[in-house]
Amino acid sequence: MSMTEPALLSLTGIAGAIAEKHISSREATQSCLDRIAQWQPRLNAFMAIEAEEALAAADAADAALASGNHRGALHGVPLAHKDMYYDAGKVVTCGSKIRRDWVATSTATALQRLKDAGTVRLGSLQMVEFAYGPTGHNVHFGPVRNPWLSTTSPAVLHRDRARRWRRA
């Protein structure tokens, strides 16, 4: 396998590289955190970045893999989740100013299943207030920028891809 920067691999690419021990979960997680630090000021994609917790979870995933405790295809893979998925003990704003300090008391089933599969949480992602829109614009926390064309929203990329797909 030719190795590129782990953060640039696809989900299946990074999962395979970790499972085959070409890279560690910590290396993959650190690569993602480095890119987040580089691009967050321009893209405003994250509500919360959980670097220390992510690295600790990556180390735990690597230790489990080393002892033969492989939890599945996503074991050790770093992921981030929209800020609408409850994670017990963490602030979940749902993109709303009125929930700026609200701490979840339970964990969403989807997140629990990902945790049980051994994924590494990088943090929570920005979103439209209460998910009431497709563009990523948030009047309280600022707009999310498209990583490929930072003057537009992420929705523009998806719209353009959909148009090209329909023409093909």
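Report on the accompanying structure.

### A few points about the sheet that holds strand 3 (residues 120–125)
(1) Moving on: Ordered by their spatial adjacency, three strands build an open sheet running 1-3-2, and the pairing between neighbours is mixed. Each end of this open sheet is capped by a strand with a single partner; those strands are strand 1 (46–49) and strand 2 (78–82). The mean angle between the axes of side-by-side strands here comes to 30°, regardless of whether they run parallel or antiparallel.

### Concerning helix 3 (residues 51–66)
A turn of α-helix holds 3.6 residues, and therefore any two residues three or four places apart point the same way.
(1) Moving on: Its 16 residues give helix 3 an end-to-end C-alpha distance of 22 Å, which sits within 8% of 22 Å, the value for a rise of 1.5 Å per residue.
(2) Moving on: In this fold, the buried residues of helix 3 make contact with helix 1 (11–19), helix 2 (25–43) and strand 3.

### Points about the pairing of strand 3
(1) Moving on: Burial runs high along strand 3: five of the six residues are buried.
(2) Moving on: As defined by bridge partners, strand 1 adjoins strand 3 across three bridges and the pair is classed as antiparallel. Following the sheet pairing, I49 is matched in strand 3 by G123.
(3) Moving on: Relative to strand 3, strand 2 runs parallel, the two sharing five bridges. Across the sheet, residue H81 finds its bridge partner in strand 3, namely S124.
(4) Moving on: Following the chain from strand 2 across helix 4 (residues 109–116) to the adjacent parallel strand 3, one finds a crossover that is right-handed.

### A word on the packing of helix 2 against helix 3
(1) Moving on: Axis separation between helix 2 and helix 3 bottoms out at 8 Å; the angle between their running directions is 160°. With respect to helix 3, the element helix 2 is oriented roughly antiparallel. As for how helix 2 packs across helix 3, the hand of that crossing is right-handed. Touching S25, R26, T29, Q30 and L33 of helix 2 are A51, A54, L55, A58, D59, A61 and D62, all from helix 3.
(2) Moving on: Here the residues of the contact of helix 2 with helix 3 sort into six nonpolar, three polar and three charged.

### Some points on the pattern of salt bridges
(1) Moving on: Considering all chains together, one arrives at seven salt bridges under this definition.
(2) Moving on: The closest approach of N and O atoms between K90 and E53, which form a salt bridge, is 2.5 Å. A residue pair is termed long-range when its members are at least 10 positions apart, and K90 in the loop between strand 2 and helix 4 and E53 in helix 3 qualify at 37 residues.
(3) Moving on: When its relative accessible area of 46% is taken as the criterion, E53 is described as partly exposed.
(4) Moving on: One salt bridge connects D87 with K115, and the closest N-O pair in it is separated by 2.5 Å. Placement of D87 in the loop between strand 2 and helix 4 and of K115 in helix 4 is noted, with a sequence separation of 28 residues between them.
(5) Moving on: Of the residues examined, D87 reaches a relative accessible area of 2% and is grouped as buried.
(6) Moving on: Using a relative accessible area of 35% as the deciding quantity, one classes K115 as partly exposed.
(7) Moving on: Taken together, the shared-partner salt bridges in this structure form one network comprising E50, E53, D87, K90, K115 and R121.

Cut-off values and rules
- Residues numbered from 1 in each chain as written.
- Predicted model: local features only at pLDDT ≥ 70, side-chain atom pairs only at ≥ 80, totals over all residues.
- Heavy atoms only, no water.
- Pairing = 2+ DSSP bridges.
- Helix = DSSP H or I, 4+ residues; strand = E, 2+ residues; numbered from the N terminus.
- Axes fitted to C-alpha atoms, helices over the stretch in contact; angles between N-to-C directions.
- Expected span 1.5 Å × (residues − 1).
- Contact = heavy atoms within 4.5 Å.
- Buried < 20%, exposed > 50% of the residue type's maximum accessible area, 1.4 Å probe, protein only.
- Right-handed = clockwise from strand over helix to strand, strands pointing away.
- Parallel < 35°, antiparallel > 145°, perpendicular 65-115°, else oblique.
- Left-handed = near helix turned anticlockwise from the far one by under 90°.
- Nonpolar A, V, L, I, M, F, W, Y, C, P; charged D, E, K, R; others polar.
- Salt bridge = Lys/Arg side-chain N within 4 Å of Asp/Glu carboxyl O.

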